[in-house]
Amino acid sequence: MKHNKFTSTWGFILTTVGSAVGMANVWGFPYKLTANGGGAFLLAYLFFIVVFAFFGLSAEYAVGRYSGTGTLGSYEKAWSHVKLSKFGKVIGILPLLGSMCIAIGYAVIISYVLKSLFQSLTGSLMTVEPEAWFQSFSGANFSVVPFHLIVIVITLLTCVKGASSIEKANKLMMPLFFVLFVILAARVAFLPNALEGYQFMFKPDWKMLADPKVLVGAMGQAFFSLSITGSGMIVCGAYLHKDEDIVAGAKQTALFDTIAALVAALVMIPALFSYSANPEGGPGLLFVTLPKILQNMWGGRVFAIALYLAVLFGGISSLQNMFEVVCESILHNFKQLNRKTVLVFIGMMAFIPGIFMEPIGGVEGAILGGWGPWMDLVSIYIIPMGATLGAFTWFWIMDKNALLDEINTGSKIKYTKTWYYLGKYIYVPMAAILCFVALYYKIAF
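The model shown is predicted, which means the values in this text are computed figures rather than measured ones.

Reading the values: the criteria
- Residues numbered from 1 in each chain as written.
- Predicted model: local features only at pLDDT ≥ 70, side-chain atom pairs only at ≥ 80, totals over all residues.
- Heavy atoms only, no water.
- Helix = DSSP H or I, 4+ residues; strand = E, 2+ residues; numbered from the N terminus.
- Rg over C-alpha atoms; globule rule 2.2 N^0.38 Å.
- Buried < 20%, exposed > 50% of the residue type's maximum accessible area, 1.4 Å probe, protein only.
- Contact = heavy atoms within 4.5 Å.
- Areas by Shrake-Rupley, 256 points an atom, 1.4 Å probe, with all protein chains shown as cover.
- Lys, Arg positive; Asp, Glu negative; His and termini not counted.
- Charge placed at Lys NZ, Arg CZ, Asp CG, Glu CD.
- Polar contact = N/O pair within 3.5 Å; in protein donor to acceptor, adjacent residues only side chain to side chain.

Engineer: How should the overall build of the protein be read in this particular structure?
Structural biologist: Assigned secondary structure in the protein consists of 19 helices and zero strands. Relative to the compact-globule value of 22 Å for 445 residues, the protein shows a C-alpha radius of gyration of 21 Å, a close match. Each of the three principal axes of the protein carries a C-alpha extent, and together these read 60 × 50 × 40 Å. Relative to its 445 residues, the protein shows a buried fraction of 62%. For the protein, restricting intrachain contacts to residue pairs at least 6 apart in sequence, the fraction spanning at least 24 positions comes to 82%. For the protein, the accessible surface area stands at approximately 17,200 Å², while carbon and sulfur atoms represent 69% of it. Between the centroid of the 29 positive side chains of the protein and the centroid of its 21 negative side chains there is a distance of 8 Å.

And the structure:
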């Protein structure tokens, strides 16, 4: 793994931010913020971001650097402490499977984003009836195959040289993502009634904090937004030099990811208030509500291009992490294989099932049941369970001293057993509660 490391702290931060920033920020956060009381949800979300970054994200980075490899190898080494390395390797399959399953559905929705960008460039998006337009391709089989293929090929190309090419891609995509969204937020600020949107976002209704759904929703959003899935962020740690400060890196990742979520909300929510549009979650926000707003906005075509380009960057940066973590685990276990061959295999694994689930409307449209039900299946069952297994493994199974030593290697601050026990008795129960709630109430995160 010596040849496959990040070249700088900034490259590491941009890559991890790229992995974290995605649809959870662009449409998940603004929708959940709107649906759960605005400012109250935001406060709860920020609290969980701090807790999860300090313990969960730091632990995943540390475990990856400690083992020098990704998901399967990290679980195997962690469980070797209790002489159950083979069992640990089997356990690691679930969170790794979660990364691959998310990638399959994620690639489909990014192909919708690419189609929207293309139609923004041609100007045709400005004249369509959004609901009918979205239904025309989201409810028909094989409707976006060319865009789907382009998304997967571009993402695979960013993974060809591992950490090196991924880092270079994110050094381009992530700054542009932030710049474009800041420009959009500045434009939205001049819309009528935008102030009402800001007030809703930042003025908390304290009574909402007594609602368990608000707290659980904020907890789930924080988990998903930081990509703490028991898999994806481990490989980022594996590509990290020993002189890097892990906890500081986790804090910076969380900071920029939170800024991305807030900037996205500063675009979406004031625009919704300005045009009295009903907030929708998921694709409805990005492909129905926003096109309506853009069509009525001065300079709408230019801002549509900026919006969908920024979302495309965020989507590809997340997808490349999903591909990379699977690629690394395969290469770790089958060292005779070539990286390019493995990447082609992963691309086919994502593309072929994906083309049979392109319609988003469910079994009436898609052969495999639709993108929506597929992603619900993954985010209700696989992801929370994978995150919980990871948290349990790092703080209850892995050697305590090994984890603390890795956390302190390169750190400017000495982290003691207090950090470890807070993670063990506060962070892990939070992960377990999230898993239970998601399974019991079938809430998709």
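Next comes the rest of the write-up.
Engineer: How do you make sense of helix α4 (residues 71–79) when you look at a structure like this?
Structural biologist: Given 3.6 residues per helical turn, the α-helix brings residues three or four places apart onto the same face. Here α4 lies mainly inside the structure; seven of its nine residues are buried. All of the buried residues along α4 are T71, L72, G73, S74, Y75, A78 and W79.

Engineer: What's the story with the side chain of Q221 in this structure? I'm lost.
Structural biologist: Position of Q221 among the secondary structure elements: in helix α11 (residues 212–225). Assessed through its relative accessible area of 2%, Q221 is described here as buried. Here the side chain of Q221 touches A24 through a polar contact of 2.7 Å, landing on its backbone oxygen.

Engineer: Explain the environment of E129 to me, please; I cannot follow it from the model alone.
Structural biologist: Along the chain, the position of E129 falls in the loop between α6 (93–122) and α7 (130–138). According to the relative accessible area criterion, E129 is partly exposed, its value standing at 43%. Put simply, E129 and V288 are 159 residues apart on the chain and 8.7 Å apart in space, counted from C-alpha to C-alpha. Reaching out from E129, the side chain makes a polar contact with the backbone nitrogen of A132 at a distance of 2.9 Å.

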